[in-house]
Amino acid sequence: QVQLVESGGGLVQPGGSLRLSCVASGFTFFYYAMSWYRQAPGKERELVAAITGTGGSTNYADSVKGRFTISRDNAKNTVYLQMNSLKPEDTAVYYCNANRRGRQYEYEHWGQGTPVTVSS
């Protein structure tokens, strides 16, 4: 059974930090690129950060570059999102995504989301 379980969300003041974790099970973790998405109230889900299976390449939304860092530990089947210098506009539900794509297939899995609220 495939599972992605996020944790680490919560309430934080502007300028603060949070570290999100996503533990994967039920599939071969290192075969999958991992991403964090977020969805704010009334807005579409957007890509925040992504990392390749080996962890050798990452990319970020412009809005979080220099503040957020995505990383993974393949031995622990876990992907992280370190969020620093948080702003109120970072408030959203954050989702973990696993994706594996080939010429004739694509597998994708989603977590249930963890809410992040940035407010004083």
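Conventions and cut-offs
Residues numbered from 1 in each chain as written. Predicted model: local features only at pLDDT ≥ 70, side-chain atom pairs only at ≥ 80, totals over all residues. Heavy atoms only, no water. Phe/Tyr/Trp six-rings, centres within 6.5 Å; stacked < 30°, edge-to-face > 60°. Buried < 20%, exposed > 50% of the residue type's maximum accessible area, 1.4 Å probe, protein only. Lys NZ or Arg CZ within 6 Å of the ring centre and 35° of its normal. Salt bridge = Lys/Arg side-chain N within 4 Å of Asp/Glu carboxyl O. Helix = DSSP H or I, 4+ residues; strand = E, 2+ residues; numbered from the N terminus. Pairing = 2+ DSSP bridges. Contact = heavy atoms within 4.5 Å.

Novice: It is not clear to me how the packing of aromatic side chains should be interpreted in this structure. Could you clarify?
Specialist: Each aromatic ring pair is characterised by the separation of its centres together with the angle its planes make. This model, assessed by the stated rule, comprises 4 aromatic pairs. Residues phenylalanine 30 and tyrosine 31 carry aromatic rings whose centres are separated by 4.7 Å and whose planes lie at 65° to one another, so their mutual orientation is edge-to-face. Residue phenylalanine 30 is classed as partly exposed on the basis of its relative accessible area of 48%. In this structure tyrosine 31 comes out as partly exposed when scored by relative accessible area, which is 45%. Lying across the ring of tyrosine 95, arginine 45 places its NZ or CZ 3.8 Å from the centre. The ring of tryptophan 110 is capped by arginine 45, whose NZ or CZ atom sits 4.6 Å from the centre of that ring.

Novice: Please clarify how the pattern of salt bridges should be interpreted in this entry.
Specialist: Where side chains of opposite charge bring their charged atoms close, a pairing between them can arise. Under the criterion given, the structure shown has 5 salt bridges. Residue arginine 38 is joined to glutamate 46 by a salt bridge in which the shortest nitrogen-to-oxygen separation is 2.7 Å. Using a relative accessible area of 6% as the deciding quantity, one classes arginine 38 as buried. Residue classification places glutamate 46 among the partly exposed positions, given a relative accessible area of 34%. Several salt bridges share partner residues, and in doing so they unite Arg38, Glu46, Arg67 and Asp90 into one network.

Novice: How should I be thinking about the pairing of strand β11 (residues 114-118) in this particular structure?
Specialist: Taken residue by residue, a regular strand's side chains alternate between the two faces of the sheet. Here β11 shows one buried face, formed by Thr114, Val116 and Val118, and one open face, formed by Pro115 and Thr117. Strand direction decides the pairing type here: strand β2 (residues 10-12) and β11, joined by 3 bridges, are parallel. Paired with glycine 10 across the bridge in β11 is valine 116. The sheet contact formed by strand β9 (residues 92-101) and β11 spans 3 bridges and is antiparallel. Within β11, the residue paired with tyrosine 94 across the bridge is threonine 114.

Novice: Teacher, can you tell me more about the environment of serine 25 here?
Specialist: Within the element layout of this structure, serine 25 appears in strand β3 (residues 18-25). Serine 25 gets classed as partly exposed once you look at its relative accessible area, which sits at 30%. When the C-alpha atoms of serine 25 and glycine 8 are compared, they prove to be 18 Å apart, with 17 residues separating the residues in sequence. With near-sequence residues (within four places) excluded, serine 25 lies in contact with Gln1, Val2 and Gln3.

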